[in-house]
Every structure is written in structure tokens, then in C-alpha cells.
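# Descriptive analysis of the structure
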Amino acid sequence: MSSIIQLLPDHVANQIAAGEVVQRPASVVKELLENAVDAKATDIKLIIKDAGKSLVQVIDNGMGMNVTDARLCFERHATSKIRQAEDLFSLHTKGFRGEALASIAAIAHMEMKTKQDQDELGTHIIIEGSKFVSQEVAVLPKGTSFAVKNLFFNIPARRNFLKSDTVEFRHVMDEFQRVALAHPNIHFTFYHNGSEMYNLPAAGYRQRIVGIMSGKTNEKLVPVNEDTEIINVQGFVCKPEFAKKSRGEQFFFVNDRFIKSGYLHHAVMAAYDGLLKDGSQPSYFLYLQVPPNTIDINIHPTKTEIKFDDEQALYAILRASIKHSLGQFNVAPVLDFDRDANLDTPYHYKDLEAETPTIQVDGTFNPFTDDKTNQHYSKSSSGSGSGSSSYSGGYSKRVEPTASWESLYVGLNTESIESSPFTFENEEVTSSLFNDDEVEQASQGTYQIHKKYIVSPIKSGMVIVDQQRAHQRILYEQFLLNMTVNQASSQQLLFPLNLFYSSSEMELIEELKPSLETTGFVFEEAQTDHIVISGIPVNITESEVSLVIEQLLSDLQDGIPANSYSQNDTIAKSMAKSLAVKTGSYLTEKEQDNLVNGLFACKDPNISPFQKPTFITMRVEDIDKKFAL
């Protein structure tokens, strides 16, 4: 019987490995940028076309490779980062598997140019699907350049699974930001389709964060700094009032490597306990330095998950350091029960010098004389019990007592005066315009239960309406009607709103601008980091504008639908979700009636825009069955 187990060819093994390492163009960007950082480059350029589907190119001025290394780097498990298994617990580099370049070369057209500083000539290699097409000597500058073209050209199924250019570009942007934030000492430049997206010179952590996010980020940051034996925490957290609903600007870096950790995120949230609104997420940029032998990075091929030796200690230190920073910079309220506020010096007295008080002495005063004129006393007409007396410095005449207040009313007849009844023109009408049964029927209005449900009686029983879902359905149909049929009305603002966003969010807003204008928004101008809004829809208040746009960006972070109807539908759903009355809100009887009437005036009142029931009906027969024995 012939053997059935065979050794896979190298190009097949590389394609299988590529499925783990390279899921999308952003994975290529991450691997090439990290290789450039490991090469000790001080200037790195990233150039992409069509969100990385057509081209991903990374150019660095690092140490470069000689001819042998240039050919060997495309082999599987060939790496310069480690030599033995023990090196995995003392890693100081980004990569260590030796799989990235081999995996990328297996599924794309790849071109590499590299040269070391001491060499006169460099090496130019072209690979297509793991096959070496050419290797030549070339005149090149110091460093390495990788150009990856036509990603997944030989795996069309994987290429078809890629999202739209907008979504893929956002993933590329995320990977670039993570590497650039981790290494502020490197000059990064980012180009997309010929236009410059970022130009980040070497700077400190704060300047790099501001350069990537936006100019207004600087005023939001609160520094965090804590140095202990097991961990060194540096970085910044944002003030509670700038918290967002979406989890976008949250970065953990362990030994200059971006990681994701729900456990450490919980520590940050615990430090903000009591300072955030429900559902809000604080932004933070935290750099953790731990001994390399206390962490295990070799868990997942993406290397974004790390196992710590003592997670509980890291949790406690991180939570305490953030809480200390929020209190130190007067972001969090501080209660000091030992302090007496009455002892505080007022601000306008703080810098004044003490003055010697002036004393006036009456030289003629003699307490032993019997002369009445020298007794400087005056009776007080107020007080209870024995009369109180007060001393007045200087000579004063005796004050004669005044007549009592009863003398003002002498001669008046104190007998009660008969008052005749008065009549008023606006006397309340007590007669009824309706029959008693009609009044009883009209008094049966709606009732709110637990500030969540609205109960309305009907002939067959009663209707119980979920107020939040019902309002979502009403607003959803209103917005959709304005965007597709009617021209939405807009209210102009006296003072235009300036809203600041990151560069990736600004690109998303630019794409959404035509659809938002149909709902009633009026945009004056759009800069690189902020937009100016001069008009808003009539059913939105000025304070709700930022919440609506923030919710919209959160809902569309996975991509904008291609066709216009799906795009309008998504925007209408997002705005309805953010503007609908929330569970726990008190509604007056008139608001309850309007909500119930508005719901049943909708085209589809049975379900909310998110396919959940808006109301249930309970018949009298069903209620009778509950009481039946």
C-alpha cells in the first residue's frame, strides 16, 4: 500500500502560513513597518495605493542587508531576531518568527531593494508568488525598500473577501498609528494615492499623540507617570469630559509593542469609576515597560496578545497610578474632611500686609463720677427681658424714650367690620360641557410605568409600548423621508459649531457630508482636523450635534455601504438611536400621547429600526385568565 502522507511544497506551506499572518493589506503594513523599526531606521516612509490592494511600499534608512541576507530573508523561519528558544523570553525586537516576508512573497508580487552602508552596491530582488524572478546588483541608497503589489493575486477568493477601500484604508491607518505612537523618536511619513496623510517628525510622546490625533488633543491629555520595581507606567489619559461612546483612541504599549488587553482596560475603567457617563469610554495612551522575561508574546501570530506573570499587581499599579494622576491634576474631585474652609485666607487678602490698628481714647471719661452727663449710655428700644445697653465712645445726650406703637391706633374702632361678599368676572365655570360617560372615557389616558413603558387602554384591553423603541421608529421614518423624498428644513446657528476629529474620522465625515446635508446639516468648511457646522436639523438641539456625529462615526467604523439607499438607511438608524428618548426618562401625559399616536402613524409600527418589537397587546380575556382559579 502506498503512503498517503506527503511533505507539502514550500510555496503551498507559505500560502497556508500567509492565511495566519496576512489577512488584509493592513497586515502587510504592520509587518513591513516593524521590520523597518527593527532595522534601527530613523526615517520611515509608507506609500500605499488603493488602500494597499495595488501597492504597499515601505522605505527606510536602516542598516540594510548584504547579498546573502537579502536572498535568505524570504525563506521560512529565517530571522535575525533570535538564535535559540530562550531568546523568546528576552525579546527586544518586533518580529521573531521569520514568517512574515515568506508569507507576503507567497501571495503577492514583491520587489526588494537593499544596501548596507559599507557596501558600494546594493541588491535588487523581484519575487512573484514565492518564485524568484530576478536578482540584480543596483546602485541604491542606504537602507531597505519593500514594494508589495497585487496582494492575493494568486488567491482570488481571499481578494474577494476584502472590504471596500474605505474600510481597508482605515485598517491601514490604524496599524500605521500604532507603530508611529510606539516610536516617537522615528520620523514617519505616510502617503495614500499620491497625497500626504501624515508627516511626523521625531518628537516626544505628547507631540506624537497630538500630531496623529488632532491639534485639540493637547488640552485633553493628563500625564501619568509611575515607576515601580515590576513595571514603569508612562503616558497620558484623557479628561473625563472628553470621553467618547466608541472605543477608538485606546492604546496600550508594552515594551514599545501595541497590545490588546481587556484586563488592563478594566483597570483603566476602574480608575475612572464615578467620573464617566454610562457607556462612555475614556481615551488613553499608556506605555508600559516590564522586564522581557516576565511576559510571553508568542501566543498569536499577530502578537497583539501578551501573557503577564503577575497580572493582579499590574492591575493594581495601573489603576492606582491613573487615579493618582486624575486627582493630582484636579480632574477628579478630592474630599478632605480634616480641612476647615473657614480658616482659608480669602484671595483678596492673601498678599496684603498686616496693619497696626488705630486706637481712639476719650480722655474726659471718668467711671467714678456721679455726673449724669458723663454716663454715655442710651437705652435700647429693642430686646427682651431687661433692656440692653451699649457704650458709645464720646459725648452723647440722653435719648428720651419714644411713645409706644399703640398710640398710633388711638381712636380707631377695633370692632370687626362686616365684609360683604365680592364677585369676580373671571369666576371659574363649574358646569360641564360633556356627559358624564364622555368625561370618564376622556380621562382614561396613557400611563408611564417605571419610566420605560407607556400603557394605553384600547377597546379589547391595553397596549404596552416601549418608549425608546417607539421613538426610534418615529425618528427613523422621519429622517428617511427627509433624505429620500422631502427636502429637510434646517435651523441656522447664531454661532457656528467647531467640532474636532482625527484625520481618519475627517475622511469618513467627508464621505458622509452629502447624506448629512439632506437631513438638515449645513457645513461651512472642513479643515484637516475640524468641521464648521452653521445649520442643524430642526429636531436636533445644538448640544446633541456632537453626540449624533460621534454615534454615526461609531456605527460606520466598519465601512460605509456602497449604494445610496443603504447609506441613507444606516444614517437614519444611527441618528434615530442617538436622539430617541432613553429608558428612564420621564414623559408628561401629552408627550406620552404624542409618542403613542406618532408610533401608530408610522408605516411599520410593529418593530423598531433594529428589528425589535415596539409594543405588545394584552386583551381583557388574557387578563381574566390570569385571575382565573
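Here the focus is the packing of helix H6 (residues 165–182) against helix H12 (residues 503–519). Relative orientation of the contacting elements H6 and H12 amounts to 165°, with a least axis distance of 10 Å. In terms of axis orientation, H6 runs roughly antiparallel to H12. Crossing hand, H6 versus H12: right-handed. Contacts between H6 and H12 involve Thr 166, Phe 169, Arg 170, Met 173 and Gln 177 from the first element and Ser 503, Ser 504, Glu 507, Leu 508 and Glu 511 from the second.

Taken together, the five strands give an open sheet; going across it, the order is E9-E10-E13-E11-E12, and neighbouring strands pair in mixed fashion. Each edge of the sheet is formed by a strand with only one pairing partner; in this case those strands are strand E9 (221–227) and strand E12 (257–259). Each neighbouring strand pair of the sheet contributes to a mean axis angle of 20°, computed without reference to strand direction. Of the pairings in the sheet, the one linking strand E10 (residues 232–238) to strand E13 (residues 284–289) comprises six bridges and is antiparallel in character. The residue bridging Gly 235 from the neighbouring strand is Leu 286, located in E13.

The next subject is a nonpolar patch on the surface. On the surface, a nonpolar cluster with roughly 320 Å² of combined accessible area is contributed by Leu 121, Val 137 and Val 139. For Val 137, the position within the fold is in strand E5 (residues 131–138).

Time to look at the pairing of strand E7 (residues 187–192). Pairing of strand E1 (residues 43–49) with E7, which is carried by six bridges, proceeds in the parallel orientation. Residue pairing in the sheet places Leu 46 in a bridge with Phe 190 of E7. When E7 meets strand E8 (residues 195–200), the two strands line up antiparallel, connected through five bridges. By the bridge assignment for E8, Thr 189 is matched with Asn 199.

Now for the pattern of salt bridges. Scanning the model with the defined rule gives eleven salt bridges in all. Of the charged contacts in the structure, one is a salt bridge between Arg 473 and Glu 477, with a shortest N-O distance of 3.0 Å. Taken together, the residues span about one helical turn, with Arg 473 and Glu 477 both in helix H11 (residues 467–484) at a distance of four residues. Assigned by exposure class, Arg 473 and Glu 477 land together as buried. With its nearest N and O atoms 3.5 Å apart, the salt bridge here joins Asp 622 to Arg 619. You can call Arg 619 partly exposed: its relative accessible area is 41%.

So, on to the side chain of Ser 534. Within the element layout of this structure, Ser 534 appears in strand E23 (residues 530–537). Contacts of Ser 534, omitting those with residues within four sequence positions, involve Gln 491, Gln 492, Leu 493, Pro 496, Val 522 and Glu 524.

Definitions and limits used
- Residues numbered from 1 in each chain as written.
- Predicted model: local features only at pLDDT ≥ 70, side-chain atom pairs only at ≥ 80, totals over all residues.
- Heavy atoms only, no water.
- Axes fitted to C-alpha atoms, helices over the stretch in contact; angles between N-to-C directions.
- Helix = DSSP H or I, 4+ residues; strand = E, 2+ residues; numbered from the N terminus.
- Parallel < 35°, antiparallel > 145°, perpendicular 65-115°, else oblique.
- Left-handed = near helix turned anticlockwise from the far one by under 90°.
- Contact = heavy atoms within 4.5 Å.
- Pairing = 2+ DSSP bridges.
- Patch = residues over 30% accessible without salt bridge, like charges linked within 9 Å, V, L, I, M, F, W, Y side chains within 5 Å.
- Areas by Shrake-Rupley, 256 points an atom, 1.4 Å probe, with all protein chains shown as cover.
- Salt bridge = Lys/Arg side-chain N within 4 Å of Asp/Glu carboxyl O.
- Buried < 20%, exposed > 50% of the residue type's maximum accessible area, 1.4 Å probe, protein only.

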